[in-house]
Each structure stands twice: as structure tokens, then as C-alpha cells.
Number of protein chains: 4
Amino acid sequence: MRFFSDNAAPACPQVIAAIAAANTLDTAYDGDRWSQQLDGRFSDLFGTQVRVLWTPSGTSANCLALAALCQPHGAVICHRDAHINMDEAGAPGFYLLGAKLLLGEGPGAKLTPPAVEDILGAIRPDVHQVQAHALSITNATEYGLSYTPDEVAALGDLAKSRGLGFHMDGARFANAVAHSGADLADLTWRAGVDALSFGFVKNGGMGAEALVFFKPELADASLYRRKRAGLLASKGRYLAAQILAMLDDDVWLTNARAANAGAAMLARAAGDRLVYPVEANEVFLRVTPDEAASLRAPGFDFYDWAPGEVRLVTSWDQQEAAIKPLADAIAALP
Amino acid sequence: MRFFSDNAAPACPQVIAAIAAANTLDTAYDGDRWSQQLDGRFSDLFGTQVRVLWTPSGTSANCLALAALCQPHGAVICHRDAHINMDEAGAPGFYLLGAKLLLGEGPGAKLTPPAVEDILGAIRPDVHQVQAHALSITNATEYGLSYTPDEVAALGDLAKSRGLGFHMDGARFANAVAHSGADLADLTWRAGVDALSFGFVKNGGMGAEALVFFKPELADASLYRRKRAGLLASKGRYLAAQILAMLDDDVWLTNARAANAGAAMLARAAGDRLVYPVEANEVFLRVTPDEAASLRAPGFDFYDWAPGEVRLVTSWDQQEAAIKPLADAIAALP
Amino acid sequence: MRFFSDNAAPACPQVIAAIAAANTLDTAYDGDRWSQQLDGRFSDLFGTQVRVLWTPSGTSANCLALAALCQPHGAVICHRDAHINMDEAGAPGFYLLGAKLLLGEGPGAKLTPPAVEDILGAIRPDVHQVQAHALSITNATEYGLSYTPDEVAALGDLAKSRGLGFHMDGARFANAVAHSGADLADLTWRAGVDALSFGFVKNGGMGAEALVFFKPELADASLYRRKRAGLLASKGRYLAAQILAMLDDDVWLTNARAANAGAAMLARAAGDRLVYPVEANEVFLRVTPDEAASLRAPGFDFYDWAPGEVRLVTSWDQQEAAIKPLADAIAALP
Amino acid sequence: MRFFSDNAAPACPQVIAAIAAANTLDTAYDGDRWSQQLDGRFSDLFGTQVRVLWTPSGTSANCLALAALCQPHGAVICHRDAHINMDEAGAPGFYLLGAKLLLGEGPGAKLTPPAVEDILGAIRPDVHQVQAHALSITNATEYGLSYTPDEVAALGDLAKSRGLGFHMDGARFANAVAHSGADLADLTWRAGVDALSFGFVKNGGMGAEALVFFKPELADASLYRRKRAGLLASKGRYLAAQILAMLDDDVWLTNARAANAGAAMLARAAGDRLVYPVEANEVFLRVTPDEAASLRAPGFDFYDWAPGEVRLVTSWDQQEAAIKPLADAIAALP
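Residues numbered from 1 in each chain as written. Chains lettered and ligands numbered in written order. Predicted model: local features only at pLDDT ≥ 70, side-chain atom pairs only at ≥ 80, totals over all residues. Heavy atoms only, no water.

### Notes on the interface of chain A and chain B
Facing the 43 residues of chain A at the interface are 43 residues of chain B. Of the roughly 3,600 Å² buried between chain A and chain B on both sides combined, carbon and sulfur atoms contribute 60%. The largest per-residue losses of area from chain A upon contact with chain B belong to Phe 94, Arg 228 and Lys 235 of chain A, which jointly make up 21% of the total buried on that side. At the boundary of chain A with chain B, the tally comes to zero salt bridges. For the interface between chain A and chain B, the tally reads 28 residue pairs in polar contact (both at pLDDT 80 or more). Contributions of two or more residues to the side of chain A that touches chain B are made by helix 1 (13–21), helix 3 (58–69), helix 5 (91–95), helix 10 (218–228) and helix 11 (237–247) of chain A. Looking at the side of chain A that touches chain B element by element, the count peaks at four residues for helix 5 of chain A. (Contact = heavy atoms within 4.5 Å. Buried area = accessible area lost by both parts, 1.4 Å probe. Salt bridge = Lys/Arg side-chain N within 4 Å of Asp/Glu carboxyl O. Polar contact = N/O pair within 3.5 Å; in protein donor to acceptor, adjacent residues only side chain to side chain. Helix = DSSP H or I, 4+ residues; strand = E, 2+ residues; numbered from the N terminus.)

Spelled out as C-alpha cells, the structure:
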């Protein structure tokens, strides 16, 4: 009955099993046999040489990525509704040592080249104004929209032409991929992405995210920053093992497809109440307060998001039977 | 055969069981039923009202504690060999936003009031020099010495009289308590300690430490700092559950006693090769390179620590049978 | 012929004379006889006990003020067009150690209680979002508007009720006072202002601004921050002497009145081309590119500010004879 | 009668004249005709292409230099008695965003390659320890010793071989050069120095120091850092004009020779009371408290520096007649 967050879901059985299997003697920090596999496994997955750091949270993955792409006296362009701006307690200011976020506009938290150019065009190229060093997008966005490879590439081209590093916050990257079916390389490094926060926790993980550097040299200083930020778990094998378990047999994709399927069912029920197309596992509905109350009455749990708007999030573990009652309730709204 | 780090040991069965038991639906971050128990459980343990934050690492626990006690333009007094100075990659500089560490002397990484007064006495009270805001000690120390309650209280009195916050890095707090049998209150808040990093990971945990504030009001801003540092796990229940499982039935104390017993067995075998008294689960031995090589030949694994000196660390999971072969080998050194 | 910035003007003769008079042996830093007079002289001026720090720039005065009012994990509310947001190269991010600026709206860079409440109302009071710690306004604003004491007091009441520190960037405070004739106390501390950056450089000074703390206790840590930021000039007497010379005989007010008179003359010529009422020494005009070119042809120098809009700034040293040709040229535009 | 600091001396007449001459209309910040000459003038002086930024203080010059040479997660090696460690209120921690100082030993605050190698040799090359990024020496040192070009080159070679940036704090660079007569190029860039804080204030300036980058590309980001730190004076012409005036006719060298001559006279009187050879304008004497009191009785003003040790500093404006009475009094000590 809970649709308030995919963080509420338990970890998937493969993750729990992997943790138990990793519960043995090994080297500390990231020298263990699990952590040592990450670079290779993700290089295979993306079809290019990458370097990967596990981190215990999405916020830390995002901020380590940005710290590799933006100097303290620079700025990161992101959407006004980006998680890094709205819900990370100012972590970018901390990790980037005072760098600034420059906020762009666009429906559904999606950035476009014109929106980025609006920001860039307003910056005088002198020392009195903070210059942009990087661009960050979220895929799927905070409102559940997915970028196509072409959309990412258009932003990547712009970033490259303006000397900006390019980061993708992929807290729900799996959901975006499950929706679009895009080729992983096309959606990331071939489109100019330098660093990807590849989320696992919302998708059935327990407490490990993967920070993927498509420019491998960016990892060097990042390893120091990870330790310096207190993120280098002394028993890192438990984090690496979770991630590897979700790469095995494409568990990450299977889980995301399940969550997306739930959202799609809700979307079909919602019809023109949808605020945005549903392209991941989040559904935003236009409902009156009374309608919201009627949906909550039987026990469905979700957040109000804006006046007259609620957010429903589905999770990897919700089968059709768990979704259908809410879908029916939505369809039955007058 | 491994004695290089207590981080190498697996998590204890109670922790693994607790994680499995927590693998269910609950609220995200620290709103879950496990996280919500921490304040009460630790308040009971210490016999005073405390507030407790879980963190994913000892470095982050230490740094959040220090950030609550020292302003960015101040300094923290610690021992030259303190973990915060030697092995945290400059994390205090990051978390304390440029504050300084002032390094004291003393055998076995143990600070005494005169050592602290030496530092304080060398600071001119003007704006040109960084003023001390806090004092940090490690208990058990980085060389395996334990502070008595009286020793802590003498430092606590000094700290109070000079207006310094007082932090205890307890990465091996359990080992210190298991050794001294000290009353927990006497060893901490009654002795003037404001914040304790209570370590669980080295003692059989998987990936959660407890930051205990004996001045509860210090927790308020720390909650923001924890999130801002990317340390607020979105599924925090797995961290809280580990800690609670180790508080149940005094698992933390049982584990520490086991590790200490192993170290004591090695100490007895070492005789006057001991560099320091063994008061926790670390043993430092004077050995020649040839002797070190002969100990390593059968497979015992440990670090060289200084010229002519090696470090042996025992763990919660090492039974007498696992220790005795090394003890015998040490005793058999010519 | 120059109207591009009041920073272009020379220092007034009283300042040059004061520097020459201070060119003698004295104690270093701020222990000299000039620096020691600042607290008393400004306390007399404002009719309350204040503490005052000289700083070499307006940016540093603003940032030291804000650092005293906002913790690193907090935010400062200011107008989108505030100098601290637009033209200080991210200095608030540096001095406030990663704190955030939250940007408000309003014509002429002027904040109102509803604009501030809009920002406050959008912040969830949880650790995921950065909480507001302080409010900063600019008086006169970046578009030459002056706040009345009542307007400041309304913001001060709001700040107090929400626990926000309250800073006034007074880079052109003298011009605001010269325009409104407001009582200095009413315009500042009685209206709830905690710290004022009292600008002298644009008003005929050479290189010294005064940071005035109406809560004297805020100065203590600020003295450390000033030194730590490399702002504590070793021969501070030259900075203090400038400021004192401009307080003598109300030079600061005389200079500001002269600059304002120039702007007023331009405003009268401009008629309905004015974008904003002229309440200080800045004039914003609606002109076409061709009109701007025709004004520049005889040598008048000024900045384009926005499409179809130019900025004219008058200075303390511009007599009527220096202004009239431009005023005539504006009046003669078709 | 004052020998406590060369900061106590007034500005030399050439500086005062230059300020008066610069008191005219010009562009703001560093676009003026004086600031624009700095690169060329210093390039001529050093015989290589350099870029130069004025700053209002030695602390800020040092810290901008170090920020260009050391990343926030790195460390700067300096002497334990270096000004950046002892007397800058933690400014390096602020400007370098939490980077660390690693403190070396050596008589007279002078670093040697073995002292630097001791520090480097103690750093494990792993992410748990802060790695050295830069080396900073002070010339003349805080105890008035001067480096020869060969001594600097030996440190420069070591720095280069270990990938360290190399900074020289030249608060009393002029005094060092006046003493050694060294070729400026040999003493700096040919010896591997990347950035020099070239001090003017203690040597007869009023409030401007020159930060000289021998690697011109380091200036780019430094310009942003200077503004971001609130150091970009809006009327920068007054700073540039001071520096240019002291370059004209080698005023900087003449002034330093005068100060050194005074110190040399004191040194001759002091004989074996000297703690260090006198190689600049500072004299450290072994005296008992009674002897110090007897020197102070007639009005000579100086600092106690350590038990049984006092510091005498001479200035550019002290003629023989001003020095001789103190020299006589020292010589007359029993």
C-alpha cells in the first residue's frame, strides 16, 4: 500500500544473498576481491574502459562526480528541480567547496540545450561572475521523464563546445534504461557524459551506489576525495558485492522493469490526470485534496507534491497485485 | 592467519541476522523503527540522555563530532599519531572547513594534560594564531593503550577549564572497555566527554558506527551536516539494525573481550618484545626483519609498523586455536 | 564624460590628506590609534554601541558579515540581482564555506516581506533541504532604489520572527541616506539590522570599507575570520584613517549628496525613459541601440545593462558642469 | 626607538607620491593603466615572462599562490616556524579548502632537502594519507636567514622530482636579495620556484604585495580566486601604483639595503649573543630578562621571542643615527 518512495522497499534477495556470501575474511577498504571487479564489470557493461567507485549514497556519488568536474570557483548548471539542488541539503556546496549551482528551467525537470544556453548566455566572461564548469542532468528526471540518447547527445555537444564537464545523476538510471531500451553507451559516454551516478539503492540495493567515470583519469583524485569525505567503508566488500549481484543476470534491469510496469499500470488508470508522461517509476497526478484523501482512505500512502498534485512511486518488489488496487481506485475517481 | 587488521574480519552472525530481519518495508532515511530506537538504547547504556547518529564509517563519525565542537577558524588538539591526523586523508580539514589539527606528543599515542598544556601554552591569544576549540583523544589509542576514567577526567577538566569541546574517537572503544572494565559513564560523560565515536565495524559490525552526543543539543546541526556530507543512507534501517543487534545481549562487549583475549595471548608470548602494554586488541612487537620474515613464512599476515616494529591485530572471530600458532611462533623466536 | 562606475572616481582630497597624515610610525594591524577609534566613532554615529572592522573591499565586508550570520550548512536569502549573487565571483560560497544563496524576486532588486516569505514557504523543515539562516538586502539597491526605515523594519520583523540574521549591503548606503534623509538608527539597528557593510570606496574613499556590527558580540569571531581571509592589512592605519576622514564633517554625506544630485539632474532629463525611480546615484534608461550610440558619440561612457537599457552612475566628484552635457544630450533624444 | 616590526614603519615617500599621482579617474579593479603594467615590469625584472597579481596583504599573496599549487585534498610542506603555519590564523586551511600543512624542521626556519625528504618519506602513497602537492619556503626566513640560489635550486630539484609545486614566501624577499646580491632569476624561476610572494609592505610600501607567477598559466584561475576572496580592490590603481613606484629606480632594493644595514650594525654589536647569522633585517639575541629590561629602559621597543631570546627588526627608514644608540646599548651589556 506504499507509494511514497522507492527507498521504502526492501533490498532484493540477490543483494541479501550477496552480502551473506561476502561475509568472510578479506582485505579492508576497496582492496577486496569484490571491489576489484567493479572496473571490469562496468567496462564490459558500457563497452568502454571505465573506472568505478562505490559510495554509500546517491548524494555522495553525485557530489564526488561533480567535484571531479567543477573547481571550487566554478559553477554547475542543473535544473531548478534537480535533486542536487532541492534535496541534498547543500551537499554540492560542501563537496565542491563553495562552488555554485546555476538553475535552469524546463518542464518535468528536464534540461534542453536552449535552457542551458540561457544560463550560459547570462554569464559575463569576467572574474566578477562565477563561470560554468559543468552540466548535470538527472536521468530519469525527478519527475520521471527519460532522456533519449539524442537528447543527451545534444546536451553533450553543447557541454563539449563550452568546455563543461557533463554529469548524469542516475539515481533511477535503471528505470530510464528499462523505459527507453536505449543502448547504454549511446545514452552515456557516446553522448558525452563524463561521469554517471549509477543508482542501485532505490532499485533493490541496500546501501551502495556506483560512480562510473567514463574518463578514467577522473577517478584518481576522486579516490582521495572519497576517503577524505569519510565515504571509504572499511569493509567495502559488502558494498561491492551488492552492486555485482545486481549486475549479474541483469537484476538491475529486471528490477527496474518491474517498477516501471507498476507505474505504467497506474498511468493507464490515471488518463488525463497525468502531469507528465510516465517514463520511469514515478507517477504525478492531478487530484483535488478530497480525491487525495479518498485515495488515502483505504491505506494508500504517498506524498503531496504541489498544490493539487501528488506523487506515486512504484518499486521493484511490487507485483501487479500490489498495484492494481490503487490503479482501480484512481480509475474510479469521479 | 591474518593479523593485519580487525577490518578484515567478517561481520558477526548477529549483525547478518539483523540485516536480514530489517529487510522489510519501512520509512526511508532515519525515520524507521530501528533508527528511532538509537537514542533510547544508548541513553540506557550510558545512564544519561544522549542523542545518537549512525554513520557509515569511523572517519565520518569522528569528523561530524569534531565539526560540532570546533569552528572552521579554530583547531582541534590531538595526538600526533591520532587516526584523525594520520589515516583519514585530511577528512578533518574537509569536514571542519579548514580548521587545524594541533599535534601533541606522548608514548603510545596517549595524551596527558601536560602534553595538552604544552600546546595550549604555545598559542598566543591573538587573531594571528589559530586558537584551540576542541580536544580529541582515541580510546583505545592507535597503539592499543586504554585510558582510565581518571585519565579521561583529568583531560576533561582541562578541556572544560579552557573552553574546549572534548571528543573521544572510540573506533576500539569496546576493546578499551573490555580491558578496563570501566563504568561507561565514568569513562565518558562524567569525565567531560561531549561526543563519542562508538565503533562497531572493527568489532564485528558490517558498516555502521554510532556517533553519541552527550550534549544532546549538538545533534541538531549535526543532522544537517550528516545529510550535507552524503552520509544519510536512504535505507538507514540496515545501519541502525546492525548497531542494535550488537547492543543486544552485550554482543559488542563479548566480541571485544574475544579480540582482547587473543591479543593477551600474543602479549604473553611476546614478553619483553612488547613495545607497549597490551590493553586492547593490538600488539606491537620489536622484531628484526629476519624475525618478521620467519613469522610470515608459515602464512601469518601483519603490517610492519616502524623500523624493527610490527603490528598484530586480533579480531572478534579469532578463537584461541587461531591465535595459538602465532603465539607459539613468537615465543619460539630466538 | 564617464558614467560607467563610481569606482572610476578618484579618492576625495580629505582621504588623500588623511593617508598622508597617517604616514607615520604606529603599531601594526589594527592596534594603531586610527583603528582604535572606529568603534567609538561609529557608535556615536548610530547612537548605539557597535563594533567595526575595516576591510579592503565591499565583497569582503559583505562576506564577513554573512559568515557571522549564517552557518556553512545554512542559506542566505537575497535578491536575484543582489551584488553578492551576481558580482562577487561566488565569494559567499567561499566565505560561508558552501552555504547557499536563495534568490528572491522583486522590481529594482528590492526585497519585500512577501518575496522573502515565498522563499521561506518553499523550504521543507527537514534535513534534506537547506534552511535559511540569514537575510541580506542592498541599500541603495543595485538598481538605485532606497529602502525606507519602515520597509527595512518590516523585513527586520520577519527576519526576527523566523530566526534569521539580517545584513544590509551598504555599498551605496551613503547615497541611500542622502536620498531619504532617514535617521541612521531607524534605517539600521532599530529596524533589526545586525550587520551593515558601510561603503566608502565608491563614495570617495580609496580602499577601505567599514563592517558595522550592531550586535557587538558578532565581531569576536569575525576578527579571526578577517585575519584568516588575508584581509588584516599589516598597516591598517591607512584604512582606518580614510574612514575617519570621511566621517569627519560628514564628508560621506556631502559626497553622496553630490553624486545623488548628478543622478537627479539626469533623471529629470530622462523623463519617462527611466526604468526605476532614481533614489541614489544610479540611473537606468530605456534607450534603443541607436540612441545609446548617439549618446556615446560625444564621449559619454556607460554600460549597457540589458537589452534596450543602459546604466549611468554619477560620482561624488562630478559637478553640475560635468553632468549637464549628458543631461542635455538625453533630453535631446528624439 | 622601535624595533618590534618593520610593519610599524611608515610608507616611503615614493609610495605616497605615487598614490597621489594615481588619484585620478581610471577604470575600476585591475583594468587601469598601472595594474596593466605589472606583468611587463616584473617580466623585465626577472628576465622571463611572468604574470603578476597585486593583493592587499602577504597572507593573501601566500594563500593565492598555494591555492594554485595544491589541491584541497593535498598538503603543503613548509617549515614548522613558517609564517603560513604560525601567523596567518589558519588562512592556508581556508584558501586551500582544507588542505594540510606538513611541518619540517631545521635551524632558523630554513628548510633543506633532507628535511623535506623526511616528510615525504613518512607519507604512505595511499588514499588514507594526505599526499604532498607543494613546497613552500620563506626567503628571507622568519629568523632572518637568506637562501642562496644553490640552496633554492636543490629544493627546486627535489620538488620537481616529486611533482611538487614550489612557492617562495618573500615577505622579506627584498632583504634577502639585498643581502645575498643573488641574481633574481637564479634565486627564483631558474631554481624551480613557481610562484613568489614579493613583499613590498614591510619594505616601505603601504598596502600592496605582488604575487608573481613564473608559470604564467597559474594566474588564470588565481584571478578568479582573488575576486572570490574579496581581494580585488575596486580601485586597484592605488595598489599597482605603489608597487610600480618601488620598482622604479630600484627603490625596493635601496630600502632593503638600508634596513639590512641597520641589522648588520646591531649584529656587529651583538657578537656571540646572536642566535642566527644576520642575513636580512632581523636580529635575534640571547639576553637574560634583566638584560632585556635594561635595553628597554631607555625606550627601545622589541618583542621577546622565546625564553632568553629577543627579536629586533630594523626598517627602511632607520638611519645609522637611529640604530646606533641600540647598538651601543647592546655592546654595553655586561
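Moving on from the model shown.
### Re the pairing of strand 10 (residues 309–313) of chain A
Residue and element names in this part refer to chain A. A large share of strand 10 lies buried, amounting to five of its five residues. Of the two faces of strand 10, the one holding Glu 309, Arg 311 and Val 313 and the one holding Val 310 and Leu 312 are both buried throughout. The sheet contact formed by strand 8 (residues 282–286) and strand 10 spans five bridges and is antiparallel. In the sheet register, Arg 286 faces strand 10, and the bridge partner there is Glu 309. Sheet topology note: the strand 9 (residues 303–306)/strand 10 ladder contains three bridges and is antiparallel. The residue bridging Ala 306 from the neighbouring strand is Glu 309, located in strand 10. The turn joining strand 9 and strand 10, which pair antiparallel and follow one another in sequence, is formed by two residues; a positive phi near 75° is taken by Gly 308. (Buried < 20%, exposed > 50% of the residue type's maximum accessible area, 1.4 Å probe, protein only. Pairing = 2+ DSSP bridges.)

### Things to note about the relation of the copies chain D and chain C
Overlaying chain D with chain C gives an RMSD of 0.0 Å, the required rotation being 180° about an axis along which the chain moves by 0.0 Å. Accordingly, the operation relating the two chain copies is best matched by a two-fold axis. (Least-squares fit on C-alpha atoms with pLDDT ≥ 70 in both.)

### Observations concerning the nonpolar core
In terms of nonpolar packing, the biggest core is built from 142 residues, with Phe 42 of chain A together with Phe 42 of chain B touching the most fellow members. Aside from chain neighbours lying at most four places away, what touches Phe 42 of chain A is Val 50, Val 52, Phe 198, Phe 200, Ala 210, Val 212, Ile 243 and Leu 247 of chain A. Residues Ala 9 and Trp 34 of chain C together with Ala 174 and Phe 200 of chain D belong to the second largest nonpolar core, which totals 141 residues. (Core = buried A, V, L, I, M, F, W, Y, C linked by side-chain atoms within 4.5 Å.)

### A closer look at the interface of chain D and chain C
Across the contact, 43 residues belong to chain D and 43 residues belong to chain C. Carbon and sulfur atoms make up 60% of the surface buried where chain D meets chain C, a total of about 3,500 Å² over both sides. Applying the counting criterion to the chain D and chain C interface returns zero salt bridges. Between the two partners, chain D and chain C, sit 28 residue pairs in polar contact (both at pLDDT 80 or more). Looking at the side of chain D that touches chain C, the elements that each hand over two or more residues are helix 1 (13–21), helix 3 (58–69), helix 5 (91–95), helix 10 (219–228) and helix 11 (237–247) of chain D. Looking at which element gives the most residues to the side of chain D that touches chain C, the answer is helix 5 of chain D, with four residues. Taken together, the residues of the side of chain D that touches chain C break down into 21 nonpolar, 13 polar and nine charged. (Nonpolar A, V, L, I, M, F, W, Y, C, P; charged D, E, K, R; others polar.)

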